[in-house]
Amino acid sequence: MNIIDIWNPKGGQGKSMFAINLAGAALELGRKPLVICQDPQGTSTLYYKYGKLPFEVMSEVPKSKPDADVIIFDHQASDWDVPQGNLIVMPVKPSRDQYATYLDAYKKAKAMGKKIVTIVTDTQMQRPDEKSITLNLVDKGAFWVPSSGVFSRAATDYLTIFDDELNRAYKVKERRRELCQIMTEILVKNI
Ligand SMILES: Nc1ncnc2c1ncn2[C@@H]1O[C@H](COP(=O)(O)OP(=O)(O)OP(=O)(O)O)[C@@H](O)[C@H]1O
Ligand SMILES: [Mg+2]
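Just so it is clear, the model here is predicted, and its values are computed rather than measured.

1. Here we look at helix α6 (residues 172-187)
And step 1. Counted at 1.5 Å a residue, the expected span for α6 with its 16 residues is 22 Å, and the 22 Å between its end C-alpha atoms agrees.
And step 2. Those residues of α6 lying buried are Val172, Arg175, Arg176, Glu178, Leu179, Cys180, Ile182, Met183, Glu185, Ile186 and Leu187.

Rendered as structure tokens:
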């Protein structure tokens, strides 16, 4: 069983978006994902309530062993406690203040010996500071998922970007490929 914590104390960095869509990617790769939303009012719980996700989202840790082989925890904003799992996925939007919070949290987790997969996301490439932070992080091994309207389209209908309804969305194939690549690295290559 793989346990993945999606964590960044800064709000709005894409934690819930990646929790849902990396679970979608895990399913594409033939695994059985479960998302556990650590925020009772959280976005990923809403997906489950209002959408038709092909996997389950729970709002608390189940008492007995769940019928899943990839568990993804969607942590809430302002949670500075480093997650218990060994593998932490940290999404970050690369503007200066958001990057500063990411760095503080990253150092805290690194000091505890965690494996950290960074995903730079939603870069506004026309902004030189965002572009340089993005390139710098990618240079250090981070993944990059560019800014894309397909994420908000999917979120509006509480779908993953893998849903057939979005097959014709702009750049959806690229975004699907990127998410599957991240999940492959995590699950198969076990980084
Ligand atoms: N690559 C991207 N392109 C476009 N929009 C994006 C991208 N990544 C994230 N977003 C958008 O950013 C917004 C915030 O994402 P999300 O709610 O997942 O963040 P969060 O870290 O879970 O926030 P919170 O800390 O409040 O729980 C969403 O509207 C999401 O669709
Ligand atoms: Mg969230």
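2. Examining the packing of aromatic side chains
And step 1. Counted according to the given criterion, the structure contains 4 aromatic pairs.
And step 2. Relative to Tyr158, the ring of Tyr50 lies with its centre 5.6 Å away and its plane at 35°, an arrangement referred to as tilted. Here the residue Tyr50 occupies a position in helix α2 (residues 43-50), and Tyr158 occupies one in the loop between α5 (149-156) and α6, the gap between them amounting to 108 residues.
And step 3. Under the relative-accessibility criterion, Tyr50 is labelled exposed at 51%.
And step 4. Residue Tyr158 is classed as partly exposed on the basis of its relative accessible area of 23%.
And step 5. With centroids separated by 6.0 Å and ring planes inclined at 20°, the aromatic side chains of Tyr99 and Tyr102 adopt a geometry described as stacked. Taken together, the positions of Tyr99 and Tyr102, both in helix α3 (residues 96-111) and 3 residues apart, correspond to about one turn of that helix.
And step 6. An aromatic cluster of three or more residues is present, and its members are Tyr47, Tyr50 and Tyr158.

About the cut-offs
Residues numbered from 1 in each chain as written. Chains lettered and ligands numbered in written order. Predicted model: local features only at pLDDT ≥ 70, side-chain atom pairs only at ≥ 80, totals over all residues. Heavy atoms only, no water. Helix = DSSP H or I, 4+ residues; strand = E, 2+ residues; numbered from the N terminus. Expected span 1.5 Å × (residues − 1). Buried < 20%, exposed > 50% of the residue type's maximum accessible area, 1.4 Å probe, protein only. Phe/Tyr/Trp six-rings, centres within 6.5 Å; stacked < 30°, edge-to-face > 60°.

Fair warning: the whole summary comes from geometry, so function is off the table for now.
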